[in-house]
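Chain by chain, the residues:
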Amino acid sequence: QVQLVESGGDLVQPGESLRLSCEASGQIFSNYAVGWYRQTPGNLRELVARISYGGRTTWYADSVKGRFTISRDNAKYAVYLQMSSLKVEDTAVYYCNTFPRAPWGQGTQVTVSS
């Protein structure tokens, strides 16, 4: 079973950038598409980006399109989310998960505030 660990969250100012990392252990990670999700208190977890198992196909929510870039390095069992031009409304706990889903990791907090 895949186990997921997210990292890279931080407190940044609007307009700054961050790169989140998702590292996997367990089953062969490269067999799965992977998505980045985010959740704010009182709201459902929403999918913001997805990458195919081979890395050739990506999808982004409209709210992050043009600002976030998802990528993966299957040799390192890792998926990344490069976030640029961050906005206050990007503040959330960010999670990664495979398709189909594995147990959720602990997430990583991203706070965008001036």
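Above this text is the structure in question.
Reading the values: rules and limits
- Residues numbered from 1 in each chain as written.
- Predicted model: local features only at pLDDT ≥ 70, side-chain atom pairs only at ≥ 80, totals over all residues.
- Heavy atoms only, no water.
- Pairing = 2+ DSSP bridges.
- Helix = DSSP H or I, 4+ residues; strand = E, 2+ residues; numbered from the N terminus.
- Axes fitted to C-alpha atoms, helices over the stretch in contact; angles between N-to-C directions.
- Disulfide = S-S within 2.5 Å.
- Buried < 20%, exposed > 50% of the residue type's maximum accessible area, 1.4 Å probe, protein only.
- Salt bridge = Lys/Arg side-chain N within 4 Å of Asp/Glu carboxyl O.

**Here's the deal with the sheet that holds strand β3 (residues 18–25)**
Taken in spatial order, the four strands make up an open sheet running β1-β3-β8-β7, and their pairing is antiparallel. Whereas interior strands pair on both sides, the edge strands pair on one side only; in this sheet they are β1 (3–7) and β7 (68–73). For this sheet, the mean angle separating the axes of adjacent strands, direction not counted, is 15°.

**Details of the state of the cysteines**
What the rule picks out here adds up to one disulfide. Disulfide pairing places Cys22 opposite Cys96 at an S-S distance of 2.1 Å. Given an S-S torsion of about 70°, the disulfide between Cys22 and Cys96 has right-handed geometry. Taken together, the residues Cys22 in strand β3 and Cys96 in strand β9 (residues 92–99) connect sequence positions 74 residues apart. Comparing Cys22 with Cys96, the two get one shared label, buried.

**Let's talk about the pattern of salt bridges**
Following the criterion strictly, the structure yields four salt bridges and no others. Salt-bridge contacts for Arg38 lead to Glu46; the nearest nitrogen and oxygen are separated by 2.9 Å. With a relative accessible area of 6%, Arg38 lands in the buried category. Under the relative-accessibility criterion, Glu46 is labelled partly exposed at 35%. The salt bridge partner of Asp62 is Lys65, with a shortest N-O separation of 3.1 Å. A single network of salt bridges, built from pairs that share partners, joins Arg38, Glu46, Arg67 and Asp90.

**Let's talk about the pairing of strand β8 (residues 78–83)**
For a regular strand, side chains alternate in direction, first toward one face of the sheet and then toward the other. Buried residues dominate β8, accounting for five of its six residues. Bridging between β3 and β8 involves six bridges; their strand directions are antiparallel. Bridge pairing in β8 places Ser21 opposite Tyr80. Here β7 pairs with β8 via six bridges, running antiparallel. From the neighbouring strand, Asp73 faces β8, where its bridge partner is Ala78. As consecutive antiparallel partners, β7 and β8 are separated by four residues, and within that stretch Tyr77 has a phi angle of approximately 50°, a positive value.

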